[in-house]
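Inside the fold
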Amino acid sequence: MKTILILNGPNLNLLGKRQPHIYGHQTLVDVERLCQSVCPDGFQVSLKQSNHEGQIIDWIHEARETTCGIVINPGALTHTSIALLDALNTYEQPVMEVHISQVHKREAFRHHSYISLRADGVIVGLGLDGYAAGVRRVVALSEER
């Protein structure tokens, strides 16, 4: 069974409660269910969330040996974390960057992503469907290898 790691950064534990007019009413439990539902036979997801940059970096390091791809919504770390970019640069499998909202219609600081420098694709503005698209793309890239 191949595992796709779904990583979520700061404040995404409040998905469904925090600014629902931007992020919607669904939760991370809904994200996990959606991602698992689009996995073909032989694939599964493991969803993790942390408000701590170091924890996310540790999970990326562990994923080097245990997963076939990462779908990551780094939250605000997208715009600030060179350390997260460095960790992702050590990861040799596909990486898809996902943002629930259309970040390019928001504040200017949200227009820059360090993570995009490593990501094999970037999905913005599709709501939770962006996670499903990320999983599908990781599956496709994984099967090409």
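Everything below is about the structure shown above.
Structure report, in brief. (Residues numbered from 1 in each chain as written. Predicted model: local features only at pLDDT ≥ 70, side-chain atom pairs only at ≥ 80, totals over all residues. Heavy atoms only, no water.)

Overview of the overall build of the protein chain
Convention followed: Under the DSSP-based scheme used, a helix requires at least four consecutive residues in state H or I and a strand at least two consecutive residues in state E, with every element numbered from the N terminus. The globule rule used here is 2.2 Å times the number of residues to the 0.38 power, and the radius of gyration it is set against is calculated over C-alpha atoms. Classification of residues uses two cut-offs on accessible area relative to the type maximum, computed with a 1.4 Å probe and protein chains only: under 20% is buried, over 50% is exposed, and between them is partly exposed. The contact rule is simple, with two residues in contact once any of their heavy atoms fall within 4.5 Å. What sets the accessible areas is the Shrake-Rupley method with a 1.4 Å probe; for residues, cover comes only from the shown protein chains. Positive charges are assigned to Lys and Arg, negative charges to Asp and Glu, while His and the chain termini are left out of the count. Note on charges: their place is set at NZ of Lys, CZ of Arg, CG of Asp or CD of Glu.
Secondary structure assignment for the protein chain yields 5 helices and 5 strands. The order of helices and strands in the protein chain, counted from the N terminus, is β-α-α-β-α-β-α-β-β-α. Expected size for 145 residues packed as a compact globule is a radius of gyration near 15 Å; at 14 Å, the protein chain falls within 12% of this value. By its C-alpha atoms, the protein chain is 40 × 30 × 25 Å across when sized along the principal axes. Taking all 145 residues of the protein chain together, the buried fraction comes to 50%. In the protein chain, the share of contacts with a sequence separation of at least 24, taken over all contacts with a separation of at least 6, comes to 77%. Total accessible area computed for the protein chain in this model is approximately 7,100 Å², and 48% of it derives from carbon and sulfur atoms. Here the protein chain carries 13 positive and 15 negative side-chain charges, and the mean point of each set is 6 Å from the other.

Details of the pattern of salt bridges
Selection criterion: Here a salt bridge means any side-chain nitrogen of Lys or Arg lying within 4 Å of a carboxyl oxygen belonging to Asp or Glu.
Throughout the structure, instances matching the rule amount to 2 salt bridges. Where Arg33 meets Asp30, a salt bridge forms, and the shortest distance between an N and an O atom there is 3.6 Å. Linking Arg33 with Asp30, this pair stays in helix H2 (residues 28-37), spanning 3 residues, or about one helical turn. For Arg118, the salt bridge is made with Asp120, and the minimal N-O distance between the two is 3.1 Å. Arg118 sits in the buried class, given a relative accessible area of 12%.

Quick notes on unusual backbone geometry
Its identity is not glycine, yet Asn11 carries a phi of approximately 75°, on the positive side. On the secondary structure map, Asn11 appears in the loop between strand S1 (2-8) and helix H1 (20-23). You can call Asn11 partly exposed: its relative accessible area is 35%.

Notes on helix H3 (residues 53-66)
The test is simple: Expected span of a helix, by definition, is 1.5 Å for each gap between consecutive residues, and there is one gap fewer than residues. It is the directions from the helix axis to the C-beta atoms whose arc is reported.
With 14 residues, H3 extends 20 Å from end C-alpha to end C-alpha; this agrees with the ideal 20 Å at 1.5 Å per step. Along H3, the positions that sit buried rather than exposed are Ile56, Ile57, Trp59, Ile60 and Ala63. On an axial view of H3, the arc spanned by its buried residues comes to 160°, and they lie on one face. Residues of H3 that are exposed and point more than 90 degrees away from the buried face comprise Glu65 and Thr66. Residues of H3 that are buried sit in contact with S1, strand S2 (43-49), strand S3 (69-73) and helix H4 (82-89).

Some remarks on the pairing of S3
Quick note on the threshold: Strand pairing requires that DSSP identify at least two bridges connecting the strands. Note on handedness: a crossover is taken as right-handed if, strands pointing away from the viewer, the path from the first strand over the helix to the second is clockwise.
Counting buried positions along S3 gives 5 out of 5 residues, so the element sits mostly inside the fold. Alternating residues of S3 divide into Gly69, Val71 and Asn73 and Ile70 and Ile72, and every residue in both groups is buried. Alignment of S1 against S3, held across 5 bridges, turns out to be parallel. Bridging from a neighbouring strand, Ile4 pairs with Gly69 of S3. By the bridge criterion, 3 bridges tie S3 to strand S4 (residues 95-99) in an arrangement that is parallel. Paired with Val71 across the bridge in S4 is Met96. For the segment spanning S3, H4 and S4, crossover handedness is right-handed.

A few points about the sheet that holds S4
Note the cut-off: Lines are fitted to the C-alpha atoms to define the axes, a helix being fitted only along its stretch in contact, and any angle between axes, read from their N-to-C directions, falls within 0 to 180 degrees.
Pairing in this open sheet of 5 strands is parallel, and the strands run S2-S1-S3-S4-S5 from one edge to the other. Sheet topology places S2 and strand S5 (121-124) at the edges, where each strand pairs with a single neighbour. Neighbouring strand axes in the sheet, compared pairwise and without regard to direction, differ in orientation by 20° on average. The strands that H3 touches are S1, S2 and S3; relative to S1, the one it contacts most, it runs at about 170°.

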